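# Descriptive structure summary
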Amino acid sequence: MNPHAAARSAAGSETIQVTVEAASYIAQFAGGTGSAALEFVETVRAGATVREVLRGLTARFPKLADVLWLGDEIGEHVEVAVNDAFLGQEYTLDSPVRAGDRIILIGQFTGG
Amino acid sequence: MAKHKQAGAVPGGMAGKILRVDLGTSKTWTTTLTPKEARQTVGGSGLGAQILYDEVPAHVNWDHPENRLIMATGPLAGMPVWGTGGLTVVTRGAMTNGATSTQANGFFGTNLKYSGYDAIVLQGQAPDWVYLYINDDEVELRDARLLLGKDTWETQDALHEELGLHGHRLSVYSIGPAGENLVRFAAIAGDYGHVASKNGCGAVMGSKRLKAVAIVRGTRPLAPHDAKGVYQAADVISHDLQTNPTTQGLYKLGTLSGVANNPRLGMLPIKNYTTNLVDPSVDMKTWEGQSLRDGFDHRGHQCNACGMHHCHQVVLNKSSKYAGEVVDEPEYEGWSSGWAQGITKPADTAYLNTRLDRACVDLNEFGWLIGWVMECYEKGYLTKEQLDGIEPRWGDMEASNALLQKIIRREGVGNLLAEGVKRASEKIGGPAADCAIYTLKGNTPRGHDHRARWEELLDTCVGSGGTIETGPAVEPGEQGRPARINPQDPVEVPKNVAGLLGRRHFEDCLGSCLFTTRTKLANICLAVNAVTGWDMDVPEAVRVGKRVSALMRAFNVRCGIGPELERPSKRYGSIPVDGPAAGKDSQRHWEDMLTLYYDIARYDRKTGRPKPELLQELGLEQVSQDLWGAT
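Chains are numbered independently. Their residues run from 1 in the order of the written sequence. Here chains are named by letter from A upward and ligands by number from 1 upward, in the order in which they appear as written. Residues qualify for local features only when their pLDDT is at least 70, as the model is predicted, and side-chain atom pairs are given and counted only at 80 or more; totals for whole chains, interfaces and linings, by contrast, use all residues. Excluded from the side-chain calculation are hydrogens and water; included are all heavy atoms of the structure.

### Description of the overall build of chain A
This is how the line gets drawn: Put simply, DSSP marks the helices as runs of H or I at least four residues long and the strands as runs of E at least two long, and each gets a number from the N terminus on. Relative accessibility decides the category of a residue: with a 1.4 Å probe and only protein chains considered, values under 20% of the type maximum give buried, values over 50% give exposed, and everything between is partly exposed. For accessible areas, the Shrake-Rupley method is used with a probe of radius 1.4 Å. Any residue's cover is judged against the shown protein chains and nothing else.
Looking only at helices and strands, one finds 2 helices and 7 strands in chain A. Taken from N to C terminus, the helices and strands of chain A fall in the order β-β-α-α-β-β-β-β-β. Within the span of chain A, comprising 112 residues, buried residues form 57% of the whole. Summed over all atoms, the accessible surface of chain A reaches about 4,700 Å², with 50% contributed by carbon and sulfur.

In structure tokens:
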């Protein structure tokens, strides 16, 4: 397991685990060097939303706030995909996650 | 605060002069740019689009001597703002036979301004091959016959030697064999690794028998309106580029990170769109941005005044049979062009990328073309015999290079492939035609799988300059759009593509790199105003960009390029069979997306023409009159 991976207890009787991957340079805002992806196994209460998962991660890595959030919405700097689908397709920020879901944070799309 | 310029004065930082060259008669002269024209067009693509519309009528096709090849820069060129050696090429291009706006960097724009010109407008066709030499007022067409056959790096070497000028004292933009032989997707390349690549602008240059433009770093004074203000604005911009989360990655690694990121979103084009899954045998860790950078000995290869760690040259490592050769570090799109051909070894792609630059070939088009050839060969639609004995299997860089060498000389099958993937696939026909990636206008996409990114798919198809014209969202809040959207939302996508129109064209007016303008438009306006003495704000900047778009669209409509061509080929618009975007069908929504785009952009849905009220709002009354008559 990645040394940065975390399994955290959450309040409430029933918990589930989801994985959050911070890809490439986004990882530098979550304790990494920015040169390789990091994975975090997040333990959250059953019924927790995508937003709660990401807020929880942001609470542990405050630098993520600047890159990930614009007020209550995801900022323009990051693409968020849940189980390979962009936010707005199968999931919104307020959709409940399921055990085993995988959230990916990837730097904004550029060309060149 | 410094006073604004008096009416009638040339804006600060601008030369106020356009160099005109008739290659047919060898006559050169200059025209002046009035302050009003300067403010309306700004420079670069704005200036070029105006000249193209005014001077190239519908019957003048891309290879007609009266076509114009406009090489323009803008007010920021030569200023101490990051990435400001910019060149914009505007012409009627060979791929679409329509308007073209394509950019490159290095030092061309800087040297041109220091020689006292904002732009060069080339017309006519030389009786024999020449190159254009510019050193302040010394402007000459010189014999280029000894340069024929040389690639763009060799041409630059030869001119550096001939003229006794080295480094940035001489900027050379030239065509290689592909341009000489009118390969339809030939580019114009310069300063060892910078390429104006889109819409066959190098074929236009070749049709004029112009091998190169060589500009000595001139001695003309270039005074900004408010020098202190320029430095302050440059500081604001560079600080933002270094600290803004969006651009930190670009600042450190350029676009390298895209290769490892894009498969996660279904956006890396793999094997001509036949799959979106990376073969498990490929170690994607070697494709992380930092790994690509560290995988080779490298050194910075910055453009004028640039502090980004973006452009690099690298030495091919031991994994390559060409170990030791110095090549340009590919951009994301260079790497992805390799992936479109199934090439998954970085050293192979790095080698091929520089072969393309040196030959002056658009690497995007080349990727789609050879990816198509490889798929057709695998499926038996093209045979070894048809391919002159070459057996192009997925990932075979040597086969790609062998085909490249045939294409740039139009030898054997290369003569067919030199027409580009649209025309070649139409000629072969049958099931092979269904495998080709292009727009019906004749251009091809940037280096992504746009079936997962409908903004770029729509933008590529409706863009009027031979490529995208809105581009990825940058600070979309400034233009009233949300921070992010679902890139497969059929309503939000056209809202973004039309709603963010203008910004990118404005950037292309400035003589700067679009990677160093990835900051708030308000910051860019700070720099432009300090240089020129204007009081431009964000709405005016966007209006300038929309004016460019409307002019190029009007030009295209006049040339018969209408809405019926604004759609993808069958493969380009197909449904991904696997990966993150599997099953997503953009074409189910295409007509609705086009309708909404046209409505927001204020283009006529039936004819594609910009509407009269838009044209009048943009100060294009004559265009309105031309397209719509008296209203």
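### Some words on the pattern of salt bridges
Put simply, the test is: Should a side-chain nitrogen of Lys or Arg be within 4 Å of a carboxyl oxygen of Asp or Glu, the pair is scored as a salt bridge.
Under the criterion given, the structure shown has 48 salt bridges over all chains. Counted as one network, the salt bridges with shared partners bring together Glu21, Glu39 and Arg102 of chain A together with Arg264 of chain B.

### Notes on the sheet that holds strand S4 (residues 87–92) of chain B
Residues and elements named next belong to chain B. Selection rule: Should DSSP find at least two bridges between two strands, the strands are regarded as paired. Fitting a line to C-alpha atoms yields each axis, with helices limited to the stretch in contact; the angle taken between N-to-C directions then spans 0 to 180 degrees. Two residues form a contact once any of their heavy atoms are found within 4.5 Å.
Overall, mixed pairing links the 6 strands, which are arranged S2-S1-S6-S3-S4-S5 in an open sheet. Looking at strand neighbours, the two that pair on one side only are strand S2 (27–32) and strand S5 (99–104), the edges of this open sheet. Recorded for the sheet is a direction-independent mean angle of 20 degrees between the axes of neighbouring strands. Bridge analysis of strand S3 (residues 69–72) against S4 gives 4 bridges, and the strand direction is antiparallel. Directly across from Ala72, in S4, lies its bridge partner Thr88. On top of the sheet, helix H2 (residues 44–55) reaches strand S1 (17–22), S3, S4, S5 and strand S6 (119–123); it is set at about 20 degrees to S4, its chief contact. Of the strands in this sheet, S4 and S5 touch helix H22 (residues 538–558), which is tilted by about 140 degrees from S5.

### Remarks on unusual backbone geometry
In the Ramachandran plot, Val42 of chain B falls in the positive-phi region, its phi being about 70 degrees despite a non-glycine side chain. As for its placement among the helices and strands, Val42 of chain B is situated in the loop between helix H1 (35–41) and H2.

### Thoughts on the packing of helix H18 (residues 454–462) of chain B against helix H19 (residues 492–499) of chain B
All names here are of chain B. As a reminder of what qualifies: Any angle that falls under 35 degrees is termed roughly parallel, while one over 145 is termed roughly antiparallel, one within 65 to 115 roughly perpendicular, and all others oblique. The handedness criterion is simple: a crossing whose near helix is rotated anticlockwise from the far helix by less than a right angle is left-handed, and one whose near helix is rotated clockwise is right-handed.
With their axes 9 Å apart at the nearest point, H18 and H19 run at an angle of 50 degrees to one another. Considered as vectors, H18 and H19 are oriented oblique to each other. Crossing handedness for the pair H18 and H19: right-handed. Between H18 and H19, the contacting residues are Trp454, Glu455, Leu458, Asp459 and Val462 on the first element and Val493, Pro494, Asn496 and Val497 on the second.

### Description of the domain arrangement of chain B
All names here are of chain B. Selection criterion: Source of the domain bounds: an automatic or database domain assignment. Here the quantity called buried area is the accessible surface, traced with a 1.4 Å probe, that two parts lose on coming together, added over both. Polar contacts here mean pairs of N or O atoms no more than 3.5 Å apart (in protein, one a potential hydrogen donor and the other a potential acceptor; neighbouring residues in sequence count only if both atoms are side-chain atoms). Only Asp, Glu, Lys and Arg are considered charged, only Ala, Val, Leu, Ile, Met, Phe, Trp, Tyr, Cys and Pro nonpolar, and every remaining residue, Gly among them, polar.
Here chain B is partitioned into domain 1 (17–216), domain 2 (261–433) and domain 3 (464–628). Domain 1 and domain 2 are separated by 27 Å when their C-alpha centres are compared. Each side of the interface is counted separately: domain 1 has 38 residues, and domain 2 has 32 residues. Surface buried jointly by domain 1 and domain 2 totals about 2,600 Å² across both partners, of which 57% is contributed by carbon and sulfur atoms. Interface area lost by domain 1 to domain 2 is led by Trp82, Trp153 and Phe185, which between them contribute 28%. In this assembly, domain 1 and domain 2 are joined by 3 salt bridges. A salt bridge links Lys198 to Asp362; the nearest nitrogen and oxygen atoms lie 3.1 Å apart. Where domain 1 touches domain 2, the interface holds 21 residue pairs in polar contact (both at pLDDT 80 or more). When residues of the side of domain 1 that touches domain 2 are traced back to their parent elements, those giving at least two are helix H4 (152–163), helix H5 (177–180) and strand S11 (194–196). Residues that form the side of domain 1 that touches domain 2 fall into these classes: 19 nonpolar, 14 polar and 5 charged.

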